[in-house]
Amino acid sequence: MTALSSAQEELLFSRTLLLEDLDEAALSRLRQSRVLVIGAGGLGCPVALYLAAGGVGHLHWVDGDLVNLSNLPRQVLFGPADEGQPKVLVGAAALGRLAPQCQVQASAVQADAHNLPDWIAEADLVVDCTDQFETRQLINRLCHRLGRRLVMASVIQWSGQLLLLDPLDPTAGCYACLFDPTTQQADAACGAFGVFSTAAGLVGLMQAHEALKWLAGLPVQTGLLRLVDSRSLEIQAVRVLRHSGCSVCAGRPAGL
Ligand SMILES: [Zn+2]
């Protein structure tokens, strides 16, 4: 897994291990974890960078898009010379230089109903960094069915949302409880509405932060939709309860 010696790894994570509530066993859980990151945009870039640098052992990064100059203010693993190249291939090469202790697998294809079931089943935790309503619903449905932890987020203009879903919690709702998958939902694409660079960075780092804590075995709050206003730096939280008519989680235990 590692391109570093054990002595180098010890030094690399020495400040992490100085934390009172993070011991060798927690770091070991992180180092052995396998995370699927779907999307390599304004959220996916900071997520992948901090998961890889922060101790995740294996990262599978999926995105079918190519680097465009308009991405660069938010997607900080790419530069102008990368224009036209597959994002995850450029990103994986950058992570190979910056965080060689993390094994990165890059799939330069769009996530869909054919490839996601196997990829989600292989992961300990999934981070959704996509910006398509239907893809989000698919990821939510598959994570519930396969019993995989899910960290979702979205960002547009100055605002973001963050939601951690534990499919093994019988009382918590899911993304489909919150947004009915049968309704028409316009995707709030950055290309149409704009996005402030560090708003994406902030919300992406919140995703990586919660994913690292969860993987290490530290407490996290699941089933809570956090609404982030990056202008005021205010965060509101709304409990997501299981909807009795939900087509994904109502009356259906996770993992079935
Ligand atoms: Zn639900």
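As a reminder, the structure under discussion sits directly above these lines.
Reading the values: rules and limits
Residues numbered from 1 in each chain as written. Predicted model: local features only at pLDDT ≥ 70, side-chain atom pairs only at ≥ 80, totals over all residues. Heavy atoms only, no water. Core = buried A, V, L, I, M, F, W, Y, C linked by side-chain atoms within 4.5 Å. Buried < 20%, exposed > 50% of the residue type's maximum accessible area, 1.4 Å probe, protein only. Helix = DSSP H or I, 4+ residues; strand = E, 2+ residues; numbered from the N terminus. Axes fitted to C-alpha atoms, helices over the stretch in contact; angles between N-to-C directions. Left-handed = near helix turned anticlockwise from the far one by under 90°. Contact = heavy atoms within 4.5 Å. Nonpolar A, V, L, I, M, F, W, Y, C, P; charged D, E, K, R; others polar. Donors = N, O, S within 2.8 Å, 3.2 Å for Na, K, Ca; no water. Tetrahedral: all angles 85-135°; square planar, octahedral: opposite > 155°, others 65-115°. 1 Å grid on protein atoms, 1.4 Å probe; cavity = no way out; pocket = protein on both sides within 12 Å on 5 of 7 lines; lining within 4 Å. Points joined across faces, edges and corners; volume = space filled by probe spheres on them. Pairing = 2+ DSSP bridges.

Caption draft 1: Region of interest: the nonpolar core. Core analysis: the biggest nonpolar cluster contains 46 residues, and Val35, Val37, Leu51, Leu59 and Val127 have the highest contact counts within it. Broken down by element, the residue count for this core peaks at nine residues, all from helix H10 (residues 197-216). With 27 residues, the next largest nonpolar core counts Ile120, Ala123, Ile139 and Val240 among its residues.

Caption draft 2: Here's a closer look at the environment of Thr222. Residue position: Thr222 is located in the loop between H10 and strand E7 (224-229). A relative accessible area of 16% places Thr222 in the buried class. It is 19 Å that separates the C-alpha atoms of Thr222 and Ala26, two residues lying 196 residues apart in sequence.

Caption draft 3: Looking closely at the packing of helix H3 (residues 24-31) against H10. In the contact formed by H3 and H10, the axes pass within 8 Å of each other and the chain directions differ by 115°. In this structure, H3 crosses over H10, and the sense of that crossing is right-handed. Contacts between H3 and H10 involve Ala26, Arg29 and Leu30 from the first element and Leu212, Leu215 and Ala216 from the second. By residue class, the composition of the contact of H3 with H10 is five nonpolar, no polar and one charged.

Caption draft 4: Inspection of the coordination of the zinc ion at higher detail. The coordination sphere of the zinc ion, as far as protein atoms go, consists of Cys174 (SG), Cys177 (SG), Cys246 (SG) and Cys249 (SG), spread over 2.3 Å. Every donor counted, the four donor atoms about the zinc ion form angles of 92 to 123° at the centre, which fits tetrahedral coordination. Counting gaps between the donor residues of the zinc ion yields the pattern C-x2-C-x68-C-x2-C. This pair shows no difference in class: Cys246 is buried, exactly as Cys249 is.

Caption draft 5: Main features of the layout of surface pockets. By volume, the second largest pocket amounts to about 170 Å³. Taken together, Phe133, Glu134, Gln137, Leu138, Arg141, Pro181, Thr182, Thr183, Gln184 and Gln185 form the lining of the second largest pocket. The residue makeup of the lining of the second largest pocket, split by class, is three nonpolar, five polar and two charged.

Caption draft 6: View of the sheet that holds strand E3 (residues 103-107). What the eight strands build is an open sheet, ordered E3-E2-E1-E4-E5-E6-E7-E8; its pairing is mixed. Strands with a single pairing partner mark the edges of an open sheet, and in this sheet they are E3 and strand E8 (234-239). On average, each strand axis in the sheet is tilted by 15° relative to the strand beside it, whichever way the strands run. Here seven bridges tie strand E5 (residues 149-156) to strand E6 (residues 159-165), and the two strands are oriented antiparallel to one another. Bridge assignment links Leu150 to a residue of E6, and that residue is Leu165. Against the sheet, helix H4 (residues 44-54) contacts strand E1 (34-38), strand E2 (58-62) and strand E4 (125-128), and its axis sits at roughly 165° relative to E2.

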